[in-house]
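# Understanding the architecture of this molecule
Below, each chain spelled out in residue letters.
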Amino acid sequence: GENVEQHPSTLSVQEGDSAVIKCTYSDSASNYFPWYKQELGKRPQLIIDIRSNVGEKKDQRIAVTLNKTAKHFSLHITETQPEDSAVYFCAAHRDDKIIFGKGTRLHILP
Amino acid sequence: KAGVTQTPRYLIKTRGQQVTLSCSPISGHRSVSWYQQTPGQGLQFLFEYFSETQRNKGNFPGRFSGRQFSNSRSEMNVSTLELGDSALYLCASSNPSGSYEQYFGPGTRLTVT
């Protein structure tokens, strides 16, 4: 079955700097890769996603890149702000089944 | 539209007991998935129901079961509770005919003592 590895598990960056979170997946048939953000005490919410026929997608300060050959995808957050502090989950989706990574706790330092 | 709701929000049970959690999806969503969230393990997929049928299942023991009703509401049941079952249980609904986005509920915090 699908396996999703996510790194790092914890990431601390200075406010204003960039943050990068990386994920790898095992099933080459996976075709949809969402990223969810979970703030403390709240439910996960989709922040950006990418389909397998696209290599990069951007939405304001966040972007996701996908390398199908290497089976990895990354989340990039630029100009980080205090409200970016949260746990971020990547996921890989195939045939109505979605597998999440274990999450990255992002700390934005003042 | 009202969001995904889960009841109860908090639950304390004793080892060996059983528990039933409920999830009401967004109106019109026919797919409901369940996840177990624990520190360090992220979101572990339990199972997914669509039109009252279990369509996918994760790697959890048979003590974990679920069902879905004709109105798409779903329940999950855990029998013979163990201390390790203490976790936040999240359900999520999606509209398979649209995007794959999962809309999560607030979760049920289960504590097993």
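Residues numbered from 1 in each chain as written. Chains lettered and ligands numbered in written order. Predicted model: local features only at pLDDT ≥ 70, side-chain atom pairs only at ≥ 80, totals over all residues. Heavy atoms only, no water.

## Quick notes on the interface of chain A and chain B
Often, the extent of an interface is quoted as the loss of accessible area on bringing the components together. At the interface, 17 residues of chain A touch 20 residues of chain B. Of the roughly 1,700 Å² buried at the junction of chain A and chain B (both faces included), carbon and sulfur atoms supply 56%. The interface formed by chain A and chain B includes 0 salt bridges. The biggest single contributor to the side of chain A that touches chain B is strand E10 (residues 97-100) of chain A, with 4 residues. A class-by-class count of the residues in the side of chain A that touches chain B yields 8 nonpolar, 3 polar and 6 charged. (Contact = heavy atoms within 4.5 Å. Buried area = accessible area lost by both parts, 1.4 Å probe. Salt bridge = Lys/Arg side-chain N within 4 Å of Asp/Glu carboxyl O. Helix = DSSP H or I, 4+ residues; strand = E, 2+ residues; numbered from the N terminus. Nonpolar A, V, L, I, M, F, W, Y, C, P; charged D, E, K, R; others polar.)

## Comments concerning the sheet that holds strand E3 (residues 19-24) of chain B
Residues and elements named next belong to chain B. Here 4 strands make up an open sheet; going across it, the order is E1-E3-E8-E7 and the pairing antiparallel. The sheet is open, and its two edges are formed by strand E1 (5-7) and strand E7 (64-68), each paired on a single side. Each strand axis lies, on average, 20° off the axis of its neighbour in the sheet, ignoring direction. (Pairing = 2+ DSSP bridges. Axes fitted to C-alpha atoms, helices over the stretch in contact; angles between N-to-C directions.)

## Brief notes about the state of the cysteines
Counting across every chain of the model gives 2 disulfides over all chains. The residue that forms a disulfide with A:Cys23 is A:Cys90, at a sulfur-sulfur distance of 1.9 Å. With the S-S dihedral at roughly -100°, the linkage between A:Cys23 and A:Cys90 falls on the left-handed side. Within this pair, whereas A:Cys23 is found in strand E3 (residues 19-25), its partner A:Cys90 is found in strand E9 (residues 86-94), the two being separated by 67 residues in sequence. A:Cys23 gets classed as buried once you look at its relative accessible area, which sits at 0%. What pairs with B:Cys23 in a disulfide is B:Cys91, and their sulfur atoms sit 1.9 Å apart. Linking B:Cys23 and B:Cys91, the disulfide has an S-S dihedral of approximately 75° and is accordingly described as right-handed. Taken together, the residues B:Cys23 in strand E3 and B:Cys91 in strand E9 (residues 87-94) connect sequence positions 68 residues apart. (Disulfide = S-S within 2.5 Å. Buried < 20%, exposed > 50% of the residue type's maximum accessible area, 1.4 Å probe, protein only.)

## Some thoughts on the packing of aromatic side chains
Residues and elements named next belong to chain A. Overall, the coordinates contain 14 aromatic pairs over all chains when judged by the stated rule. Consider the rings of Phe33 and Phe73, whose centres lie 4.9 Å apart with planes at 50°: the pair is tilted. Highlighted residues: Phe33 in strand E4 (residues 32-38) and Phe73 in strand E8 (residues 72-77), separated in sequence by 40 residues. A single burial state applies to Phe33 and to Phe73, both of which are buried. (Phe/Tyr/Trp six-rings, centres within 6.5 Å; stacked < 30°, edge-to-face > 60°.)

## A look at the layout of surface pockets
Volume-wise, the largest pocket comes out at about 760 Å³. Taken together, 32 residues line the largest pocket, and the ones lying closest to its centre are A:Gln38, A:Leu40, A:Val87, A:Arg105 and B:Gln37. For the lining of the largest pocket, the secondary-structure elements that each account for two or more residues are E9 and strand E11 (104-109) of chain A together with strand E4 (31-38) and E9 of chain B. The element contributing the most residues to the lining of the largest pocket is E11(A), with 4 residues. Class assignment for the residues of the lining of the largest pocket results in 10 nonpolar, 15 polar and 7 charged. In this structure, the second largest pocket spans a volume of roughly 530 Å³. (1 Å grid on protein atoms, 1.4 Å probe; cavity = no way out; pocket = protein on both sides within 12 Å on 5 of 7 lines; lining within 4 Å. Points joined across faces, edges and corners; volume = space filled by probe spheres on them.)

## Focus on the pairing of E9(A)
Regular strands place their side chains on alternate faces of the sheet. All names here are of chain A. Counted residue by residue, E9 has 8 buried out of 9 residues, so it is predominantly covered. As paired elements, E4 and E9 share 5 bridges and run antiparallel to each other. Counterpart to Gln38 in the pairing with E9 is Val87. Pairing analysis gives 3 bridges linking E9 to E11, with the strands arranged antiparallel. If you follow Ala86 over to E11, its bridge partner there is Leu106.

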